[in-house]
Amino acid sequence: MKNIIELKNVNKWFDKFQALKDVNLEVKQQEKIVICGPSGSGKSTLIRCINRLEEHQDGQIIVDGNEISENTKDIEKIRAEVGMVFQQFNLFPHLSILDNCTLAPIWVKKMPKKQAEEVAMKNLERVQISDQAKKFPGQLSGGQQQRCALARALCMEPKIMLFDEPTSALDPEMIKEVLDSMVDLAKAGMTMIVVTHEMGFAKEVADNMIFMDEGRIVEKAKTKDFFNNPKSDRTKLFLSQIL
Amino acid sequence: MHINIIKPNKENLTSFVSIGSFFILIGFADFIFNTFLNLNFTGFLPDTLSYLIPIIFGLIGLYLIRVEFSGNRLLDRINNNFNSSNFNALLSLLVIFSLIKFIPPLLNWFIFDADFAGNTKQDCTGSGACWVFVKVWLNRFVYGMYPDIEQWRINTAFFLLFFLVGASFFVPSKLKKYLLLFLLFIYPIIGFKLISGGDFGLKYIETGAWGGLSLTFIVSAFALILCFPIGMFLALGRRSNLPAIRYSSIGFIELWRGVPLITVLFMSAVMFPMFLPDGTYVDKLIRVLIAITLFEAAYMAEVIRGGLQALPKGQYEAAKSLGMGYWRMHFLIVLPQALKLVIPGIANTFLALVKDTPLIFVVGLLELAGMVNLAKTNPEWLGMAMEGYVFAGLVFWVICYAMSRYSQNLEKKLSTER
């Protein structure tokens, strides 16, 4: 299957600090990749570069055949195809759950309002919060908010989904409900790149694991190999600490 | 040895309350006799002590009735609200005594000793306010120098405005959009034409004759409506990534914020025409409106920028990740939240604007306060400054208080917190 995302020798600096060092990555359609690593290792920066919430200074990032750089004209078009779920949910607090989900389809994809609402209800159903549609984000629990954020991204019918530590801000008992929704999504064949420390989720879902440290991809391996016989010592150390 | 300070409790409550009430009563009685009847029963005491007797008796009384929980609702309410500690008791007494002292004379001046009937200054014989002055001049205070027989035009314009605004609360939301557009873009032209005249057989009335409260409304309304969008774009401009836009916004804002309004108005009247080519003439009122609008827009920009900065970065990122461009992100996500955050600040600026309108007197336009100023110098009505300014102050207060209440309602209505 063809590559939907390609990163070639990507380098990124925040002022003098180099956040990404020669990152190479290929993601095939329907592939699920889980990225793990210590904090400050560049995991989030990496996936935020893919929809250009961060700008890389060197190398190539190609998403669905379009190279992303400062010359990219329709960055909005590419972003519309790449859904993202954030650590802090980032729901729009002034809009109801339903409006959160319909806003972008109506204004970006120019979908008729009625159709957008149908799509939204379908996706809210999928993450099992369709009964909360009329409420505002502030009235929902953290787990419900994160599932709504997932539904909101899905309403744009993206080709790729990026997850930036989706369960890190949640109470332990709410993590499962979010992970369950993500597992469902994975089974439905979505291309997913997930930054997370939930190793149980990784074992269940991921095709490939990536371990990052100090801005480099230290190890990339099939999930089974990654957990059973990691090659680098740094990976072994990391896994021994979190498992 | 344990010193047992006398304190009320459940058992002896009745006796404590009756003794305490008696002390308080003496305190109040002494104060009232002193204030209204000029009787000083405590005159035999040294001066300072005699003066403080009501406070001392009041404090002792309040101390005696202070009990944690009595079961009596009135007593508990007094204890909770006025008498929770000695210091609170002192403050309560001071406030109550000063109210007793100052409210009656004020009421006397306003109502009981005031004169309402008559048409000339000589009809004012009482020692209170002479509201005859306001009554006689009311027409001028509201319409300025606008000719009496043409005043229906101002009335019509304002009735139309109130009708349209009122209607906008009741029409279905689909029509509401058009009604608002009409109000914003077409109504001002109609209203302006109606009041200034010159076409459709209406007599032309130059803006110099406009004045009074109606001019206050006209200036405020125009400036309010126009300064808001300008301020919004200036706020966005100041945060823009494009240096040209950013620096011109900063320059504009800092220039206007750094100059007193009275100077700006003066320049608009005196200096501005010098830059115009010969023969072109821009009406004085329009120049003033533009000056006030730009001046207030600079303040508005900074208020709105405060809201923009209070918004978490995640909101911008979420909007971007959904494929929204700059304008969609700002008009759908950022501004609705930022403006809601700064409603108090916006209301503040609006109130300041309304109260700044009297300054247009420097270019010879007389709104409400200006007309009062003019009327009090009328030889037949000398010495009426107090009544005039109190009247103007009350009218301004009513306008501003209404706006303030409206902003509070809006805040509540738009709140989506839990």
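Residues numbered from 1 in each chain as written. Chains lettered and ligands numbered in written order. Predicted model: local features only at pLDDT ≥ 70, side-chain atom pairs only at ≥ 80, totals over all residues. Heavy atoms only, no water.

K.L.:
How should a nonpolar patch on the surface be read in this particular structure?
P.N.:
A cluster of nonpolar side chains, Leu160(B), Leu175(B), Tyr178(B), Leu181(B), Leu184(B), Phe185(B), Ile186(B), Ile190(B) and Ile225(B), forms an exposed patch at the surface whose accessible area comes to about 850 Å². You can call Leu181(B) partly exposed: its relative accessible area is 44%. (Patch = residues over 30% accessible without salt bridge, like charges linked within 9 Å, V, L, I, M, F, W, Y side chains within 5 Å. Areas by Shrake-Rupley, 256 points an atom, 1.4 Å probe, with all protein chains shown as cover. Salt bridge = Lys/Arg side-chain N within 4 Å of Asp/Glu carboxyl O. Buried < 20%, exposed > 50% of the residue type's maximum accessible area, 1.4 Å probe, protein only.)

K.L.:
Is there a simple way to explain the domain arrangement of chain B in this structure?
P.N.:
When the parts come together, some accessible area is lost, and that loss is often what is quoted as the size of the interface. Domain parsing of chain B yields domain 1 (13–104) and domain 2 (131–146 + 205–414). Distance between the C-alpha centres of domain 1 of chain B and domain 2 of chain B: 48 Å. (Domains from an automatic or database assignment.)

K.L.:
Just checking my understanding: could you explain the side chain of Ser92(B) for this structure?
P.N.:
All names here are of chain B. Tracing the sequence through the fold places Ser-92 in helix 4 (residues 86–112). There is a polar contact of 2.7 Å between the side chain of Ser-92 and the backbone oxygen of Phe-82. A distance of 2.8 Å separates the side chain of Ser-92 from the backbone oxygen of Asn-88, its partner in a polar contact. (Helix = DSSP H or I, 4+ residues; strand = E, 2+ residues; numbered from the N terminus. Polar contact = N/O pair within 3.5 Å; in protein donor to acceptor, adjacent residues only side chain to side chain.)

K.L.:
What's the story with helix 1 (residues 43–50) of chain A in this structure? I'm lost.
P.N.:
Since there are 3.6 residues in each turn of an α-helix, residues three or four apart along the chain are aligned in direction. In terms of residue burial, helix 1 of chain A counts as a mostly covered element, since 7 of its 8 residues are buried. Of the positions making up helix 1 of chain A, those classed as buried are Lys43(A), Thr45(A), Leu46(A), Ile47(A), Arg48(A), Cys49(A) and Ile50(A).

K.L.:
Looking at this structure, how should I read the side chain of Glu302(B)?
P.N.:
All names here are of chain B. Along the polypeptide, Glu-302 turns up in helix 12 (residues 284–310). Of the residues examined, Glu-302 reaches a relative accessible area of 15% and is grouped as buried. The residues touching Glu-302, leaving out its near neighbours within four places in the chain, are Arg-238, Ile-253 and Arg-257. (Contact = heavy atoms within 4.5 Å.)

K.L.:
Please explain the packing of helix 3 (residues 97–107) of chain A against helix 5 (residues 142–154) of chain A as it appears in this structure.
P.N.:
A pair of packed helices is captured by two measures, namely the crossing angle of their axes and the spacing between those axes. Residues and elements named next belong to chain A. The interhelical angle for the contact between helix 3 and helix 5, taken along N-to-C directions, is 25 degrees, at an axis separation of 8 Å. By the angle between their axes, helix 3 is roughly parallel relative to helix 5. For the crossing formed where helix 3 meets helix 5, the hand is right-handed. Each of Ile-97, Asn-100 and Cys-101 in helix 3 lies in contact with helix 5, whose residues at this interface are Cys-148, Ala-151 and Arg-152. Grouping the constituent residues of the contact of helix 3 with helix 5 by class yields 4 nonpolar, 1 polar and 1 charged. (Axes fitted to C-alpha atoms, helices over the stretch in contact; angles between N-to-C directions. Parallel < 35°, antiparallel > 145°, perpendicular 65-115°, else oblique. Left-handed = near helix turned anticlockwise from the far one by under 90°. Nonpolar A, V, L, I, M, F, W, Y, C, P; charged D, E, K, R; others polar.)

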